[in-house]
Amino acid sequence: MPAVAETISTVETLGQSTYKWGFETAIEMELAPKGLNEDIIRLISERKGEPEWLLDWRLKAFASWQTMKSPGWGKIGHPPIDFQDVHYYAAPKKKDGPKSLDEVDPELLRTYEKLGIPLKEQAILAGVEPPEGMGAAAADIDDEENAQRPDRPRVAVDAVFDSVSVATTFRKTLAEAGVIFCPISEAVREHPELVRQYLGTVVPAGDNFYAALNSAVFTDGSFVFIPKGVKCPMELSTYFRINARNTGQFERTLIIAEEGASVSYLEGCTAPMRDENQLHAAVVELVALDDASIKYSTVQNWYPGDAEGRGGIYNFVTKRGACRGARAKISWTQVETGSAITWKYPSCILQGEGSVGEFYSVAVTNNHQQADTGTKMIHIGKNTRSTIVAKTISAGRSDSTYRGLVRVLPKASGARNFTQCDSLLIGDQCGAHTVPYIENRNMSAKVEHEATTSKISEDQLFYCRSRGLAEEDAVGLIVNGFCKDVLKELPMEFAVEAQKLLQISLEGSVG
Amino acid sequence: MSQFLSISGLRATIDDQGSPKEILRGVDLEIPAGEVHAIMGPNGSGKSTLSYVLSGREDYEVTGGEVSFEGRDLLAMEPEERAAAGVFLAFQAPVELPGVNNANFLRTAVNAVRRARNEPELDAVQFLKAARAEAKRLSMDAEMLKRNVNVGFSGGEKKRNEVLQMALLQPRFAILDETDSGLDIDALRVVAEGVKALRSPSFSALVITHHQRLLDYLVPDRVHVMARGRILKSGGPELAHQLEAQGYAGFLAEAA
């Protein structure tokens, strides 16, 4: 039909629209030489003033990494990565270390400003304001619900600029509550007993190829500790950025919620445009004890590469949470719109009796992006419950796969899982795949799986357009509707950003 | 040009398994400002196709003829441009938009049209106030605003929702494609009231219907009989009564 041919040509032209956040920051960098060997690992450890045990841990991880191969089971393709052609350490040159935002490199603050990150102290103290002039089609939040939120939650930001955290705010309020929220390198110095107790207990150093690599060379990331019975007084937020050319970034995040504690952690990422593929291999570990609750939300919009599939971030992430205590709850919510390759399976180990795992995901791929993402729910304890809602949107020539494992072990009587996977195709040159693995070894367990695949129909587009909506806005509206079940799980600040992102990342993809 | 809506020699085809099939075979129709016209005719005569072509659906290819709307070449405009210019189509089968909140959809549409018309946009509060008032006037449950667009709506609810959209978008030219089909007498009255409320010297409507009942409420200025892709006969409101009594067979035979 002519309509389809026309929209495909529109895709091709608009797909080349420049990445909105593509810029570099001219800050003097300190780079380690390229390549990976024991000396580089010793250098990283030394620069960070780490204790001996951590260096040993890194070296062991490196030893096991050397025996491993990169996993080949994902539905992704890329040229072999030369791990010796990567800088494993980069840090902005510091004078004495900033004591307040005034001392932070203004170039860096301008970078954050361009990204719309509300880092400025007054902005944070005033609470993060909702963005003005939000695109009409993106405003898919029930107006009444919106109006009923009297106090915007406050957000604490721990900003990671490449490998070193440069500013942390709201320390004091958090400290009064007994919450520790700091760069993990600082936690190693200030709270070594906590780090040593938990690091690598959820994702062991030799867990998989990329986790082992991360364990060997991780440079920074966030550390969160919520003591017994404490409800974290604010949302915690970290923004990661990749800025140095050819620098792999290897964050390590560790979040611990003791008995009855609860925390909501937000992670958002953007990166400047560049031609080389950039390697990114993060590890996130969550530990929830009895009655604790951790909500971990991600909006990931790293550079996806250009319309021809050149450049873009390779994102190989290991995220896992352990519900160690009874009635513990871990909830993952992710909106993945960026990266050339996404390989990521935020998982829950449901060990404690009656513990709960959730995974809500929106994965958008356009042009030549590839995403292989999903979750693992491992039911170990009795009456454990898990919910999986995965929405996959593919456009252009992209390929997107949901890969999920639900495993019920023999002792997990009364375990329950509900999985829903929906795929939305835009155009006729993209792919969407659903690969569920279900292993049930307990007769009393209940596992449900629902899956749908659909296309945005010409009927829907015409209906919206006949009401005055431009084609792009119509797609944004329909896609946001498709993702609503996931978006409503995001904290309000992220929900708005995520809605805008969905539309931006699908610009020109109408079909 | 002083005409409001002028259709002359309009021809259109649709792709039928690879080869074009002609549906409209030279439609001529004049609708002056301020008038309500009705089109009646047997199934498959091209009535819905005419409504789609006028509102810009891309599945149809216009192969001949012209349509001018207030002096502008309607056929050269995108569907959203036609909406901004004041053309509205009430769908025979309104489309479901899962997960899209009805109030948000309506506000997005209203503001898109207002932007295009250089009118200030309505904020959420202003919009909800207007939408609730309209809904009330159309004896509709305001709960419908909170539901997803047409999802799980009954046939009657869908049609009322179309009329609500029409009321909020304030078109200059509305096409109602069998909006009365499958409606009970109360719903029918609501639809008719919706159109009547818009009646003004600068608003016109084209009502496609199979039934005399709607026309009893609306009282069209002109009635046209359409068959085989053309307007076969035009007359006053009495033509509808004649059709009701005699059926289409006589007209078709006459025209053959």
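Rules used throughout
- Residues numbered from 1 in each chain as written.
- Chains lettered and ligands numbered in written order.
- Predicted model: local features only at pLDDT ≥ 70, side-chain atom pairs only at ≥ 80, totals over all residues.
- Heavy atoms only, no water.
- UniProt positions renumbered as here; feature names shortened; annotations may be inferred.
- Pairing = 2+ DSSP bridges.
- Helix = DSSP H or I, 4+ residues; strand = E, 2+ residues; numbered from the N terminus.
- Axes fitted to C-alpha atoms, helices over the stretch in contact; angles between N-to-C directions.
- Salt bridge = Lys/Arg side-chain N within 4 Å of Asp/Glu carboxyl O.
- Buried < 20%, exposed > 50% of the residue type's maximum accessible area, 1.4 Å probe, protein only.
- Expected span 1.5 Å × (residues − 1).
- Contact = heavy atoms within 4.5 Å.
- Core = buried A, V, L, I, M, F, W, Y, C linked by side-chain atoms within 4.5 Å.
- Buried area = accessible area lost by both parts, 1.4 Å probe.
- Polar contact = N/O pair within 3.5 Å; in protein donor to acceptor, adjacent residues only side chain to side chain.
- Nonpolar A, V, L, I, M, F, W, Y, C, P; charged D, E, K, R; others polar.
- 1 Å grid on protein atoms, 1.4 Å probe; cavity = no way out; pocket = protein on both sides within 12 Å on 5 of 7 lines; lining within 4 Å.
- Points joined across faces, edges and corners; volume = space filled by probe spheres on them.
- Phe/Tyr/Trp six-rings, centres within 6.5 Å; stacked < 30°, edge-to-face > 60°.
- Lys NZ or Arg CZ within 6 Å of the ring centre and 35° of its normal.

- Going by the annotation in an unreviewed UniProt entry, the name recorded for chain B is Fe-S cluster assembly ATPase SufC, with Rhizosaccharibacter radicis given as the source organism.

- In the annotation of an unreviewed UniProt entry, chain A is listed under the name Fe-S cluster assembly protein SufB and assigned to Rhizosaccharibacter radicis.
- Under Sequence similarities (unreviewed entry), UniProt gives the following word-for-word description of chain A: "Belongs to the iron-sulfur cluster assembly SufBD family."

Describing the sheet that holds strand β10 (residues 230-235) of chain B
Residue and element names in this part refer to chain B.
Step number 1: The strand order across the open sheet built from 6 strands is β6-β7-β8-β3-β9-β10, with neighbouring strands paired in mixed fashion. Bordering the open sheet on either side are β6 (87-90) and β10, each of which pairs with just one other strand. Put simply, the sheet's adjacent strands are angled 20 degrees from each other on average, direction ignored.
Step number 2: Relative to strand β8 (residues 204-208), strand β7 (residues 173-177) runs parallel, the two sharing 5 bridges. Pairing of Ala174 across the sheet is with Ala205, part of β8.

Considering the pattern of salt bridges
Step number 1: The tally for this structure, following the rule as stated, stands at 34 salt bridges over all chains.
Step number 2: A salt bridge links Arg320(A) to Asp207(A); its shortest N-O distance comes to 2.8 Å. Here the residue Arg320(A) occupies a position in strand β13 (residues 312-323), and Asp207(A) occupies one in the loop between α9 (192-198) and α10 (209-217), the gap between them amounting to 113 residues.
Step number 3: The class of Asp207(A) is partly exposed, set by a relative accessible area of 29%.
Step number 4: We note a salt bridge from Glu78(B) to Arg465(A), for which the minimum N-O separation is 2.5 Å. Pair noted here: Glu78(B) is in the loop between β5 (72-73) and α2 (79-85) and Arg465(A) is in helix α11 (residues 458-465), and the two residues belong to different chains.
Step number 5: Look at Arg465(A) and you get buried, because its relative accessible area is 5%.

With respect to helix α5 (residues 155-169) of chain B
Along an α-helix, residues three or four apart share an orientation, since each turn contains 3.6 residues.
Step number 1: Helix length check: α5(B), at 15 residues, gives a terminal C-alpha distance of 21 Å against a target of 21 Å (1.5 Å per residue), a fit within 8%.
Step number 2: Counting buried residues in α5(B) gives 12 out of 15 residues, a clear majority hidden from the surface.
Step number 3: The set of residues buried in α5(B) consists of Lys158(B), Lys159(B), Arg160(B), Asn161(B), Glu162(B), Val163(B), Leu164(B), Gln165(B), Met166(B), Ala167(B), Leu168(B) and Leu169(B).
Step number 4: Elements in contact with the buried residues of α5(B): α11 of chain A together with β6, α3 (102-116), α4 (124-137), β7 and α6 (185-198) of chain B.

Here we look at the UniProt feature "domain: ABC transporter" (unreviewed entry) in chain B
Step number 1: Under the local residue numbering, the UniProt record ascribes the feature "domain: ABC transporter" (unreviewed entry) to residues 5-253 of chain B.
Step number 2: As annotated, residues 5-253 of chain B has a helix share of 38% and a strand share of 27%, and its two end C-alpha atoms lie 30 Å apart.

Looking at the nonpolar core
Step number 1: By size, the foremost hydrophobic cluster in this structure holds 106 residues, and its most contacted members are Ile393(A), Val479(A), Ile7(B), Leu50(B), Leu54(B) and Phe173(B).
Step number 2: Not counting the four nearest positions on each side in its chain, Phe173(B) is found in contact with Phe4(B), Leu5(B), Ile31(B), Leu54(B), Phe69(B), Gly86(B), Val87(B), Phe88(B), Phe203(B), Ser204(B), Ala205(B) and Leu206(B).
Step number 3: By size, the runner-up hydrophobic cluster in this structure holds 51 residues, among which are Trp57(A), Phe83(A), Val86(A) and Ala340(A).

Some thoughts on the interface of chain A and chain B
Step number 1: Contacts between chain A and chain B engage 31 residues on the former and 41 residues on the latter.
Step number 2: Interface of chain A and chain B: buried area, both sides summed, is about 2,900 Å²; carbon and sulfur atoms make up 55% of it.
Step number 3: At the boundary of chain A with chain B, the tally comes to 5 salt bridges.
Step number 4: Residue Arg467(A) pairs with Glu162(B) through a salt bridge whose shortest N-O separation is 2.6 Å.
Step number 5: Applying the counting criterion to the chain A and chain B interface returns 12 residue pairs in polar contact (both at pLDDT 80 or more).
Step number 6: Breaking the side of chain A that touches chain B down by element, the ones donating at least two residues are α1 (2-14), α6 (143-147), α11 and α12 (471-482) of chain A.
Step number 7: With 7 residues, α11(A) is the single largest residue contributor to the side of chain A that touches chain B.
Step number 8: Across the side of chain A that touches chain B, the residue classes tally to 15 nonpolar, 4 polar and 12 charged.

Details of the side chain of His280(A)
Step number 1: Residue position: His280(A) is located in strand β10 (residues 277-280).
Step number 2: For His280(A), the side chain forms a polar contact with the side chain of Glu251(A), separated by 3.0 Å.

Regarding the environment of Ala187(B)
Residues and elements named next belong to chain B.
Step number 1: With respect to the secondary-structure elements, Ala187 resides in helix α6.
Step number 2: In this structure Ala187 comes out as buried when scored by relative accessible area, which is 3%.
Step number 3: The spatial distance from the C-alpha of Ala187 to the C-alpha of Met140 is 9.7 Å, given a sequence separation of 47 residues.

Thoughts on empty space enclosed by the protein
Step number 1: One pass over the full model with this rule turns up 6 cavities of 30 Å³ or more.
Step number 2: Approximately 100 Å³ is the volume found for the largest cavity.
Step number 3: In terms of lining residues, the largest cavity is bounded by 11 residues, among which Glu458(A), Leu461(A), Phe462(A), Arg465(A) and Glu58(B) are the most central.
Step number 4: The leading source of residues in the lining of the largest cavity is α11(A), at 4 residues.
Step number 5: Looking at the lining of the largest cavity residue by residue, the classes come out as 3 nonpolar, 2 polar and 6 charged.

Quick notes on the UniProt feature "domain: SUF system FeS cluster assembly SufBD N-terminal" (unreviewed entry) in chain A
Step number 1: As annotated in UniProt, the feature "domain: SUF system FeS cluster assembly SufBD N-terminal" (unreviewed entry) corresponds to residues 171-232 of chain A in the numbering used here.
Step number 2: As annotated, residues 171-232 of chain A has a helix share of 47% and a strand share of 15%, and its two end C-alpha atoms lie 12 Å apart.

A look at α12(A)
Step number 1: With 12 residues, α12(A) extends 16 Å between its outermost C-alpha atoms, agreeing within 8% with the 16 Å of an ideal straight helix rising 1.5 Å per residue.
Step number 2: Among the residues making up α12(A), those that are buried are Glu471(A), Ala474(A), Val475(A), Gly476(A), Leu477(A), Ile478(A), Val479(A), Asn480(A), Gly481(A) and Phe482(A).

Observations concerning the environment of Ser400(A)
Residues and elements named next belong to chain A.
Step number 1: Note that Ser400 resides in strand β20 (residues 399-408).
Step number 2: For Ser400, a relative accessible area of 0% corresponds to the buried category.
Step number 3: Spatially, the C-alpha atom of Ser400 lies 4.7 Å from that of Ala371, the residues being 29 residues apart in sequence.

Looking at the packing of aromatic side chains
Step number 1: Summed over all chains, the structure comprises 26 aromatic pairs over all chains.
Step number 2: When the centroid spacing of 6.3 Å and the interplanar angle of 90 degrees are considered together, the rings of Tyr314(A) and Phe316(A) count as edge-to-face. The same class applies to Tyr314(A) and to Phe316(A), which are both buried.
Step number 3: Between Tyr463(A) and Phe105(B), the ring centres sit 5.9 Å apart and the planes meet at 5 degrees, which makes this aromatic pair stacked. Linking Tyr463(A) in helix α11 with Phe105(B) in helix α3, this pair reaches from one chain into another. You'll find Tyr463(A) and Phe105(B) in the same group, each marked buried.
Step number 4: By the ring-pair criterion, three or more aromatic residues cluster together here, those being Phe62(A), Trp65(A), Trp73(A), Phe83(A), Phe209(A), Tyr210(A), Tyr314(A), Phe316(A), Trp343(A) and Tyr345(A).
Step number 5: One residue, Arg252(A), lies across the ring of Phe218(A), its end atom 5.9 Å from the ring centre.

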